[in-house]
Every structure is written in C-alpha cells, then in structure tokens.
Amino acid sequence: MTTNDLAARAHALRQQLTRYGHEYYVLDAPSVPDAEYDRLFRELQTLEQQHPQLKTADSPTLRVGGMPLPEFSQITHSVPMLSLGNAFSDMQQDDFARRHAELLQFDERIRRELAESPIRYATEPKFDGLAISLLYRDGVLVQAATRGDGITGENVTENIRTIHAIPLKLELAHPPTLLEVRGEVLMLKRDFERLNAEQLARGDKTFANPRNAAAGSLRQLDSRITAQRRLSFFAYAIAQVEGADWPLSHAGEMDWLQQLGFPVVAQDLRPVVEGAAGLAAYYESVLQRRATLPFEIDGVVYKVDSRAQQEELGFVSRAPRWAIAHKFPAEEALTLVEAIEEQV
Ligand code: NAD
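Residues numbered from 1 in each chain as written. Predicted model: local features only at pLDDT ≥ 70, side-chain atom pairs only at ≥ 80, totals over all residues.

An unreviewed UniProt entry lists the protein chain under the name DNA ligase, with Aquitalea magnusonii as the source organism.

So, in structure tokens, the structure goes:
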C-alpha cells in the first residue's frame, strides 16, 4: 500500500468505527456484531502503531465510549471511567505459547515493569452490560452515572434506585464518608428472554441481546419503565474511599464490597491466580462454563491484585496498564446481525 492508500484506509476506519461506536454506546442499537467492531478496531490500532503519523486526536483508539445523551443531566466523573485493553487467543492452536501469545505478552510486560515474578492476578468474568458509577455519602446512595465518554456521564440516579440488587443505604454503624463503587448493570439471560417475549406479545420492538436491553432499560427518561425491567448489578471496583480503610488488594476490595451488601460474582468465578499459566487455566475454565452462566459475558478480565503495584503501573490514555480484558471467540455473530435485520 502507498502512503496515500494507508492514510485513506485509516480515515475510512476512523469514520466507520465512530459511526459504529455512536450506534452502540449512544443509540443502544449496534448494526454490526462486536467481533466485526473489534476486528476493525485492531486494524486501526495496528496501522497507527506502525505509522504514527496516521494518528489523529479524534481517533476512536484514544476515546472511551460515546457521548452522553443530552436528555439526561450530566455528571463529571472525579475519577475518569476508563476502558480496558484487550487480548485475544487463537483456540485453534494446540501449542500453549501460540494459543495464548497475547496473554503471555501482557504478563511479560507486567513482570518486566514490576521486576517481579510470578505476578498475582485477580480474575473476573467480563460482564456484557454497561458500566455504572455509584456514589455513597455517609452510607447513602446519592448519585449514579453511566460511563459516557469516560469524563462525563449521564445522571441515571432515579433509574438506578429501581434496581433491587443495589443497596440504597449501607448497613454499617460507621459507613465511609465517601465511597464510589463501579460495576456493571446487566440483564440476566432469563429476564432478557422474558422481556423480549413480552415485547413481542405487545407488538413492540425486541432487543438484539441482553446488553442492549440493559442499556436501553437503564437509559429511560421515565424511571417507571426501568422499574418494570429486571436489571441486575455486579460490583467490580472501588474508585474512591474516604473515612474507611481502602483494602490493599483487588480481591480484598471485592470481599469488602460483598460485606457492605453489594452483589459481587461468586468466589469460584473470581480466583486469585499466579502468572500467565494461572490466567490461561482460568480463561479456559470460564470459556467452558460460559453457556451455563445466568448472564452473558464476552470474556474475562485480569487485574494485578496488589493496589500498590497497580499504582506503580498506572494508566495509558484510555485504559489502566495493570488490567486487560481477554475476549472470548465470537459467539453467534450472525444471529445478532439477523436479529438486527429483522428489526429494521
Ligand atoms: P470494553 O467493554 O471492552 O471494556 C471496558 C468495560 O468492561 C468497562 O467499562 C466495564 O463496563 C466492562 N467490564 C465488564 N466486566 C468488568 C470487570 N470485571 N472489571 C472491569 N470492567 C468490566 O470496552 P469498551 O471500550 O466499552 O467497548 C469496546 C467493546 O464494545 C468492543 O470490544 C466491542 O466488543 C463493543 N463495541 C461494539 C460495537 C458494535 O458496533 N458492535 C461498537 C462499539 C463497541
């Protein structure tokens, strides 16, 4: 390819990804399967890495999510809500190093930068829902916001209050003066099926997948509609604590959140493991269990367990350097497209 061809390709990819991102994050109506989006995103990332002069300030590779909807009031996140870098595995390869090459690269970088080996990682499913920030002052839920573009999100406090799994008040004699919990709002597979059956019976539009159903249900201007949809929640991070001790590890954070009354995923789905071999074993075991889980996941997430080590590693523009999403192979990509085509 000539330099002009490369620039034209990068431009076309930016335009395409920006449009798909808007459909997915803002309109809750993707027109292509996630695997297709991921493939184009990777292509643009590789082009920009190999030809840094092609990078632009508005590239989707630098951005997090989409714009918040103007119908909601906006909330500025005091701690930005970032994305996650991702890794893929080629499950057709028999050889471990080839199959999990990207995972090995991630672990190698962490070991090099921390000058330690092996690394302890906290593992978790990658929930396929939408990220939410919950703010508690003196133990009372005062604000809930979507991720939006990572800096500014939508104020969905009223809607979040309709989700039974989310504590409105922390049952503690001395709650932290400030606590910001992050997690994923999602719809269980059985609730998604029920909702679509009801929509169909009423002659209303059905949802392409549980993620769209969750996002569409939470981003309603009328919280009575949200209340009728069964939404679930899993906490996966703490962003701020004041007036209480902040646990020193990610696993410790999860245990504490559970004690405070937040739903966190079952212990056997979030083991702390050592090194790349531990991560790969977890990946393969969750991949096997994927279909039997009550909620949809599109991969697993690995986080360096020690918070001191997380701080040492820090962040790049759109993601922490101490965590990565390990995506599962695409599932039912065609079914999704067909479902979308049926709707339009
Ligand atoms: P991401 O969804 O890949 O990863 C970051 C998000 O993961 C977080 O914001 C959080 O909501 C979620 N998450 C789930 N479990 C988590 C856990 N245990 N710990 C921490 N975070 C957890 O990043 P992104 O930038 O929001 O989206 C990119 C992905 O969205 C793409 O890979 C693609 O699959 C999909 N997408 C699809 C389209 C489309 O048109 N089909 C468009 C845009 C994005």
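Okay, the site of the ligand next. Looking at the ligand, there are 24 residues lining it, with Tyr 20, Tyr 24, Asp 34, Ser 83 and Ala 131 nearest. Those elements that provide at least two residues to the shell around the ligand are helix 1 (3-26), helix 2 (34-50) and strand 3 (120-127). Here the element with the most residues in the shell around the ligand is helix 1; it accounts for 4 residues. Its residues assigned to classes, the shell around the ligand shows 13 nonpolar, 4 polar and 7 charged. The residues that make up the shell around the ligand include at least three from each of domain 1 (3-63) and domain 2 (86-334). (Near = placed C-beta within 6 Å. Helix = DSSP H or I, 4+ residues; strand = E, 2+ residues; numbered from the N terminus. Nonpolar A, V, L, I, M, F, W, Y, C, P; charged D, E, K, R; others polar. Domains from an automatic or database assignment.)

Another aspect to go through is the sheet that holds strand 11 (residues 323-327). Pairing in this open sheet of 5 strands is mixed, and the strands run 2-11-10-3-9 from one edge to the other. Edge positions in the open sheet fall to strand 2 (86-87) and strand 9 (272-274), since each of these has one partner strand only. Taken together, the 2 bridges between strand 2 and strand 11 define a ladder with parallel strand orientation. Residue pairing in the sheet places Asn 86 in a bridge with Ala 325 of strand 11. (Pairing = 2+ DSSP bridges.)

Because an α-helix completes one turn every 3.6 residues, residues spaced three or four positions apart along the sequence face the same direction. Buried residues dominate helix 7 (residues 210-218), accounting for 9 of its 9 residues. The elements touched by buried residues of helix 7 are strand 4 (130-137), helix 5 (157-160), strand 7 (178-186), helix 6 (189-202) and helix 8 (223-228). (Buried ≥ 20, exposed ≤ 12 C-beta atoms within 10 Å, placed from the backbone. Contact = placed C-beta atoms within 7 Å.)

Once that is clear, we can look at unusual backbone geometry. Cis geometry marks the peptide bond from Ser 117 to Pro 118; its omega dihedral reads -10°. Its location among the elements puts Pro 118 in the loop between helix 4 (101-114) and strand 3. Not every positive phi belongs to a glycine, and Asp 28 is a case in point at roughly 55°. Here Asp 28 is to be found in the loop between helix 1 and helix 2. The phi dihedral of Ala 115 is positive, around 50°, even though this residue is not glycine.

Looking at the protein chain, pLDDT values average 94 and 96% of them are 70 or higher. Here residues 337-344 is a poorly scored stretch, pLDDT under 50, and it has 6 contacts once near neighbours within four places are set aside; other chains count. Note on the complex model: pTM 0.94, ipTM 0.97. (pLDDT = per-residue confidence, 0-100.)

Let us look at the UniProt feature "active site" (unreviewed entry) in the protein chain. In the numbering used here, UniProt assigns the feature "active site" (unreviewed entry) to Lys 126. Residue placement: Lys 126 occurs in strand 3. Residues in contact with Lys 126, not counting those within four places in the same chain, are Ile 297, Asp 298, Gly 299, Val 300, Val 301 and Ala 325. (UniProt positions renumbered as here; feature names shortened; annotations may be inferred.)

The next thing to look at is the packing of helix 4 against helix 10 (residues 275-289). Relative orientation of the contacting elements helix 4 and helix 10 amounts to 140°, with a least axis distance of 9 Å. Here helix 4 is positioned oblique relative to helix 10, judged by the angle of their axes. Judged by the twist between their axes, the crossing of helix 4 over helix 10 is right-handed. Counted together, Leu 103, Leu 104 and Asp 107 of helix 4 and Gly 275, Ala 276, Leu 279 and Ala 280 of helix 10 form the full contact between these two elements. (Axes fitted to C-alpha atoms, helices over the stretch in contact; angles between N-to-C directions. Parallel < 35°, antiparallel > 145°, perpendicular 65-115°, else oblique. Left-handed = near helix turned anticlockwise from the far one by under 90°.)

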